[in-house]
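Examination of the molecular architecture
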Amino acid sequence: QVQLVESGGGLVQPGGSLRLSCVGSGSFRSFNAMGWYRQAPGKQRELVAEITTGGSTKYVDSVKGRFTISRDHPKNTAYLQMNILQPEDTAVYSCSARLDFSVYWGRGTQVTVSS
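The structure reproduced in this document is the subject of the present report. What you see is a predicted model; the values in this text were computed from it and never measured.

The rules we used
Residues numbered from 1 in each chain as written. Predicted model: local features only at pLDDT ≥ 70, side-chain atom pairs only at ≥ 80, totals over all residues. Heavy atoms only, no water. Helix = DSSP H or I, 4+ residues; strand = E, 2+ residues; numbered from the N terminus. Rg over C-alpha atoms; globule rule 2.2 N^0.38 Å. Buried < 20%, exposed > 50% of the residue type's maximum accessible area, 1.4 Å probe, protein only. Areas by Shrake-Rupley, 256 points an atom, 1.4 Å probe, with all protein chains shown as cover. Lys, Arg positive; Asp, Glu negative; His and termini not counted. Charge placed at Lys NZ, Arg CZ, Asp CG, Glu CD. Phe/Tyr/Trp six-rings, centres within 6.5 Å; stacked < 30°, edge-to-face > 60°. Lys NZ or Arg CZ within 6 Å of the ring centre and 35° of its normal. Salt bridge = Lys/Arg side-chain N within 4 Å of Asp/Glu carboxyl O. Core = buried A, V, L, I, M, F, W, Y, C linked by side-chain atoms within 4.5 Å. Contact = heavy atoms within 4.5 Å. Disulfide = S-S within 2.5 Å. Pairing = 2+ DSSP bridges.

When its secondary structure is counted, the protein shows zero helices and eleven strands. Start at the N end of the protein and walk to the C end: the helices and strands fall as β-β-β-β-β-β-β-β-β-β-β. For the protein, the C-alpha radius of gyration of 13 Å lies close to 13 Å, the compact-globule estimate for 115 residues. Judged by the C-alpha coordinates and their principal axes, the protein covers about 45 × 25 × 25 Å. Counting only residues that meet the buried cut, the protein has 40% of its 115 residues in that class. Roughly 6,400 Å² of accessible area belongs to the protein as shown, and the carbon and sulfur atoms make up 47% of that amount. Each charge class in the protein was averaged separately, 12 positive and 8 negative side chains, and the resulting centres sit 3 Å apart.

Counted by the stated rule, this structure contains one aromatic pair. Cation over ring: R19 sits above Y79, and NZ or CZ is 4.0 Å from the ring centre. Across from the ring centre of Y37, 5.7 Å away, lies the NZ or CZ of R45, which sits over that ring.

Positive phi is not limited to glycine here, since N76 has a value of about 45°. Locating N76 in the fold gives a position in the loop between β7 (67–72) and β8 (77–82). The class for N76 is buried, based on a relative accessible area of 7%. With a phi close to 55°, D100 is a non-glycine residue in the positive phi region.

Our focus in this paragraph is the pattern of salt bridges. Enumeration over the complete set of coordinates arrives at six salt bridges. The closest approach of N and O atoms between D61 and K64, which form a salt bridge, is 2.9 Å. Assessed through its relative accessible area of 59%, D61 is described here as exposed. Between D89 and R66 there is a salt bridge, and its shortest N-O distance comes to 2.8 Å. Residue D89 is located in the loop between β8 and β9 (91–99), and its partner R66 is located in the loop between β6 (57–59) and β7; the two are separated by 23 residues in the primary sequence. The structure contains a network of salt bridges with shared partners spanning R38, E46, R66 and D89.

With 28 residues, the main nonpolar core has W36, L80, M82 and Y93 as its most contacted residues. Top element by residues in this core is β9. It accounts for five residues. Among residues more than four places away in sequence, those in contact with Y93 are E6, L20, W36, Y37, R38, V48, F67, L80, M82, G108, T109 and V111.

Before going further, it helps to examine the state of the cysteines. The bond known as a disulfide is covalent and runs between the sulfur atoms of two cysteines. Scanning the entire structure with this criterion turns up one disulfide. What pairs with C22 in a disulfide is C95, and their sulfur atoms sit 2.0 Å apart. Where C22 bonds to C95 through sulfur, the torsion about that S-S bond is close to -75°, and the disulfide is left-handed. Of this pair, C22 sits in strand β3 (residues 18–25) while C95 is found in strand β9, placing the two residues 73 residues apart along the sequence. Each member of the pair C22 and C95 is classed as buried.

Across five bridges, the pairing between strand β1 (residues 3–7) and β3 is antiparallel. Looking across to β3, one finds that E6 is bridged to C22. Where β3 meets β8, six bridges bridge the pair, whose relative direction is antiparallel. Residue pairing for β8: L20 is matched across the bridge by L80.

Given below as structure tokens:
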């Protein structure tokens, strides 16, 4: 059974930073890709950032230059460094991981950007 556990969310003022972590556990060697999604109240879930096994990354336009995704393969852990946070970044951030033909999800962590 594969499990993903996120941490690092919280309340931050506009312009501040947070670092999210996602740790994967279970009987597998390595995920094919790991990513972060977010869903704000009343909005659809969107892909924020994704990183493949080879290290290729992609970001939604609204976070380019502010967010950085990275991963630690041996630890099956992904990180999302979020800088210059804005109120519109407020959402529940969820980690996802692809393993062969399956996609796994964490429960999510709340990020609130407010003064």
